[in-house]
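# Summary of structural features
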Protein chains: 2
Amino acid sequence: MEPAFKIKINRKLYLKDPELSELGRKILKQGLSLILQLGFEQFTFKKLAADIGTTEATVYRYFENKHRLLTYLINWYWTFLEYKILFNTKNINNPETKLKKVIELLSEEPKMQNKSDELSEKSAYELLMLEGSKAYLTRHVNSDNKHKFFKPYKDLCADFSSMIKEYNPKYPFPQSLASTILEMSHSQKYFMKYLPSLTDFGKEKTNAKHRQFLEHLLFQAIKKNN
Amino acid sequence: MEPAFKIKINRKLYLKDPELSELGRKILKQGLSLILQLGFEQFTFKKLAADIGTTEATVYRYFENKHRLLTYLINWYWTFLEYKILFNTKNINNPETKLKKVIELLSEEPKMQNKSDELSEKSAYELLMLEGSKAYLTRHVNSDNKHKFFKPYKDLCADFSSMIKEYNPKYPFPQSLASTILEMSHSQKYFMKYLPSLTDFGKEKTNAKHRQFLEHLLFQAIKKNN
DNA sequence: TTATAAATGATAGTATTACTATTATACTTC
DNA sequence: GAAGTATAATAGTAATACTATCATTTATAA
């Protein structure tokens, strides 16, 4: 279940590779945790530095600014999720079963895990739900895109889209459907938690309905022979 | 086509009603335009004040902070859109035709219109696409929600959801589907423009495919008898 | 082992942001 | 013409988003 690999992140996202030092890893882990706690707008490098017992200037040696750190963390999760999906569907031949597995993976909320040093999947999942779209909703989206900062998301989307095409090669909107399901998997969870009347899931504890919704949406859309 | 009514905005959103003075209307109109130009993060009341030839302090007499102004503008659009949809579907009895009309309205990009003093639909549409989710993706979402700042969005969603139920009373996720289509109508447009590989629309000039995608997604989901 | 470089800490500084406060002036309306 | 309201002008403050400098500690290579 736990894939044994190192997630590679676009080198333009950092000034100094945070994975390569104790302090860098603290910046990632505590940075993620502080963003979750304070919200991205209220989060600052100064607060983070205080939190991990270093100085603002030091944090700035790793990341140009807080948006780059956010993008790094989001990229980490997108890449992680792609591996997770590929790993868990690798031996499934039936396209339907495969897609169902993907929906399951997108719908389930990761369990707590505290392998101390590493970024936790659960926190990264939360981050994507709470702040994910802020990674691309900026006026520098084009420049970020040229730097390939969205490649992990595009790759993930492309994988999903391929599976859709495998299931029904004639479906005309596989990419849009993939990005829709990906986006919705997070935003419907957000709505469920904070604006439940925008959903049909109430404030339920389980994600069963959330999953049923996505699964139904997906399979109705790509249904064959109509 | 042009509905003749005044859009009422939640009074807690402002300190002084901006609709009631020349200056207030300038704050709205130029504020919207500046946010589009600079992006919400780079937008400040100081820049806005300079732009309309007043002082920062004066702008603060109308709005507590820039997020309230954003929420005001987004609320204005949600309310506008609700009226637009209700107005344009009022005399349609067939539920299918009605839903198709809604999709059409959600997919079409408003034309330029410069009735000088008033907020322009086109700009507000852009705002929703570029900054819309920042209205609710904050750590004060619960408090904002208690203040009913999201009521217009919920109302819009509820209307749409009712039409879905009218078409197929047995469909189990009308609210989620409504919010999904609403969200996607904007985010797929954003992707189309800035991250086209997340869609199947390329960098096309027309919104025809965008519309087909939404329509197909909607009607396949709520199809009867399966 | 020492020299050398690289990473971090300590400290300071700057322009801008996100406000609040005060006083003066102009504009309205009663 | 007085009284009130809206705006302008100005000032000030704490925090943000950085950049710069220099000293010190730590790792690495000769």
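Let me begin by describing the structure that accompanies this report. Within each chain, residue numbers correspond to sequence positions counted from 1 in written order. Throughout, the order in which chains and ligands are written sets their labels, letters from A for the former and numbers from 1 for the latter. In keeping with the predicted nature of the model, local features appear solely for residues at pLDDT of at least 70, side-chain atom pairs appear and are counted solely at 80 or more, and the whole-chain, interface and lining totals rest on all residues. Calculated side-chain values reflect all of the structure's heavy atoms, with hydrogen atoms and water omitted.

## Regarding the relation of the copies chain A and chain B
Using the following cut-off: The least-squares superposition of copies is restricted to C-alpha atoms, and to residues with a pLDDT of at least 70 in both copies. Working rule for contacts: check all heavy atoms of both residues, and any pair within 4.5 Å makes them a contact.
The two copies are related by a screw operation: chain A maps onto chain B through 180° of rotation and 0.0 Å of translation along the axis, at an RMSD of 0.0 Å. Interpreted geometrically, this transformation is the action of a two-fold axis. By C-alpha distance to the rotation axis, the residue of chain A lying nearest is Gln-220 of chain A, at 2.7 Å. When you check the interface residues of chain A against chain B, 100% turn up at the interface there too, and the contact is symmetric in its surfaces.

## A look at the pattern of salt bridges
Stated formally: Think of a salt bridge as a Lys or Arg side-chain nitrogen and an Asp or Glu carboxyl oxygen that are within 4 Å of each other. Secondary structure follows DSSP: runs of H or I at least 4 residues long count as helices, runs of E at least 2 residues long count as strands, and numbering of each begins at the N terminus. When accessible area is computed with a 1.4 Å probe and restricted to protein chains, residues below 20% of their type maximum are described as buried, those above 50% as exposed, and intermediate ones as partly exposed.
Going through the model one piece at a time under the given rule, you end up with 28 salt bridges over all chains. The partner of Asp-155 of chain A in a salt bridge is Lys-151 of chain A, with the nearest N and O atoms 2.9 Å apart. In this pair, Asp-155 of chain A and Lys-151 of chain A both sit in helix 8 (residues 151-167), four residues apart, roughly one turn of the helix. Given the relative accessible area of 43%, Lys-151 of chain A is considered partly exposed. As a salt-bridge pair, Glu-108 of chain B and Lys-84 of chain B come within 3.4 Å of each other at their nearest N and O atoms. Within this pair, whereas Glu-108 of chain B is found in the loop between helix 5 (95-107) and helix 6 (121-131), its partner Lys-84 of chain B is found in helix 4 (residues 66-89), the two being separated by 24 residues in sequence. With relative accessibility at 26%, the residue Glu-108 of chain B sits in the partly exposed group. One salt-bridge network, in which partners are shared between bridges, spans Glu-41, Glu-131 and Lys-134 of chain A together with Arg-139 of chain B.

## Notes on the protein's contact with DNA strand C
What counts, and what does not: Consider each residue's heavy atoms; a residue with any of them within 4 Å of a molecule or strand counts as near. Polar contacts here mean pairs of N or O atoms no more than 3.5 Å apart (in protein, one a potential hydrogen donor and the other a potential acceptor; neighbouring residues in sequence count only if both atoms are side-chain atoms). For this classification, the nonpolar set comprises Ala, Val, Leu, Ile, Met, Phe, Trp, Tyr, Cys and Pro, the charged set comprises Asp, Glu, Lys and Arg, and every other residue, Gly included, is treated as polar.
The immediate surroundings of DNA strand C are formed by 16 residues, with Thr-54, Arg-61 and Tyr-62 of chain A together with Glu-56 and Tyr-60 of chain B found nearest. Protein-proximal atoms of DNA strand C, defined as those within 4 Å of the protein, fall in sugar or phosphate at a share of 59%. Here a phosphate oxygen of DNA strand C sits 3.3 Å away from a polar atom, N or O, in the side chain of Lys-47 of chain B. Between DNA strand C and Tyr-60 of chain B, the relevant distance is 3.3 Å, taken from a sugar or linking oxygen to a side-chain nitrogen or oxygen of the residue. The greatest single-element share of the surface near DNA strand C, amounting to four residues, is contributed by helix 3 (residues 56-62) of chain A. A breakdown of the residues in the surface near DNA strand C according to their chemical character gives five nonpolar, five polar and six charged.

## Concerning helix 4 (residues 66-89) of chain A
Quick reminder: α-helices carry 3.6 residues per turn. Residues three or four places apart thus point the same way. Residue and element names in this part refer to chain A. Test applied: Helix span is expected to be 1.5 Å times the residue number reduced by one.
Taking 1.5 Å of rise per residue, 24 residues should cover 34 Å, and helix 4 covers 35 Å from first to last C-alpha, within 8% of that figure. Burial analysis of helix 4 places 20 of its 24 residues in the buried class, which makes it a mostly covered element. Regarding helix 4, its N-cap is Asn-65, as a side-chain oxygen of that residue lies 3.1 Å from the backbone nitrogen of His-67 further along.

## A closer look at the environment of Pro-169 of chain A
Residue and element names in this part refer to chain A. Relative to the elements of secondary structure, Pro-169 occurs in the loop between helix 8 and helix 9 (174-194). A relative accessible area of 63% means that Pro-169 is categorised as exposed. Spatially, the C-alpha atoms of Pro-169 and Ile-222 are 9.2 Å apart, while their sequence positions differ by 53 residues.

## Thoughts on the packing of helix 9 of chain A against helix 9 (residues 174-194) of chain B
Quick reminder of the rule: Only the stretch in contact is used when fitting a helix axis, every axis being a line fitted to C-alpha atoms; angles between N-to-C directions are given from 0 to 180 degrees. Throughout this description, any angle smaller than 35 degrees is read as roughly parallel, any larger than 145 degrees as roughly antiparallel, any in the 65 to 115 degree range as roughly perpendicular, and the remainder as oblique. In this scheme the crossing of two helices becomes right-handed for a clockwise turn of the near helix relative to the far one and left-handed for an anticlockwise turn of less than a right angle.
In the contact formed by helix 9 of chain A and helix 9 of chain B, the axes pass within 10 Å of each other and the chain directions differ by 125°. When the interaxial angle is binned, helix 9 of chain A and helix 9 of chain B end up oblique. Crossing hand, helix 9 of chain A versus helix 9 of chain B: right-handed. Each of Ser-176, Ser-179, Thr-180, Glu-183, Met-184, Gln-188 and Phe-191 of chain A in helix 9 of chain A lies in contact with helix 9 of chain B, whose residues at this interface are Ser-176, Ser-179, Thr-180, Glu-183, Met-184, Gln-188 and Phe-191 of chain B.

## Quick word on the environment of Ser-185 of chain A
All names here are of chain A. Within the secondary structure, Ser-185 is located in helix 9. Exposure remark for Ser-185: the relative accessible area of 0% places this residue in the buried category. Between the C-alpha atom of Ser-185 and that of Leu-105, which follows or precedes it by 80 residues, the distance is 9.9 Å.

## Quick word on the packing of aromatic side chains
All names here are of chain A. Which entries qualify depends on this criterion: We call Phe, Tyr and Trp rings a pair once their centres come within 6.5 Å, taking the six-membered ring for Trp, and we label the pair stacked below 30 degrees between planes, edge-to-face above 60, and tilted otherwise. For a ring to carry a charge above it, either NZ of a lysine or CZ of an arginine must fall within 6 Å of the ring centroid while also lying within 35 degrees of the normal to the ring plane.
Tallying each qualifying case throughout the model produces 32 aromatic pairs over all chains. Ring centres of Trp-76 and Phe-80 lie 5.2 Å apart, and the angle between their planes is 15°; this geometry places the pair in the stacked category. Within this pair, Trp-76 and its partner Phe-80 are both found in helix 4, separated by four residues, close to a single helical turn. Each of the two residues, Trp-76 as well as Phe-80, counts as buried. Through a chain of ring-to-ring contacts, three or more aromatic side chains come together here, namely Trp-76, Tyr-77, Phe-80 and Tyr-125. Just above the ring of Tyr-62 sits the side chain of Lys-16; from NZ or CZ to the centre is 5.3 Å.

## Looking at the interface of chain A and chain B
Note the cut-off: Note on definitions: buried area is the accessible-area loss of two parts on being combined, 1.4 Å probe, summed for both.
On the chain B side, the residues contacting the 53 residues of chain A number 53 residues. Of the roughly 4,400 Å² buried where chain A meets chain B, counting both sides, 60% is carbon and sulfur surface. Contact with chain B buries surface across chain A, with Leu-137, Arg-139 and Phe-173 of chain A losing the most and accounting together for 17% of the total. Between the two partners, chain A and chain B, sit two salt bridges. Here chain A is connected to chain B by 25 residue pairs in polar contact (both at pLDDT 80 or more).

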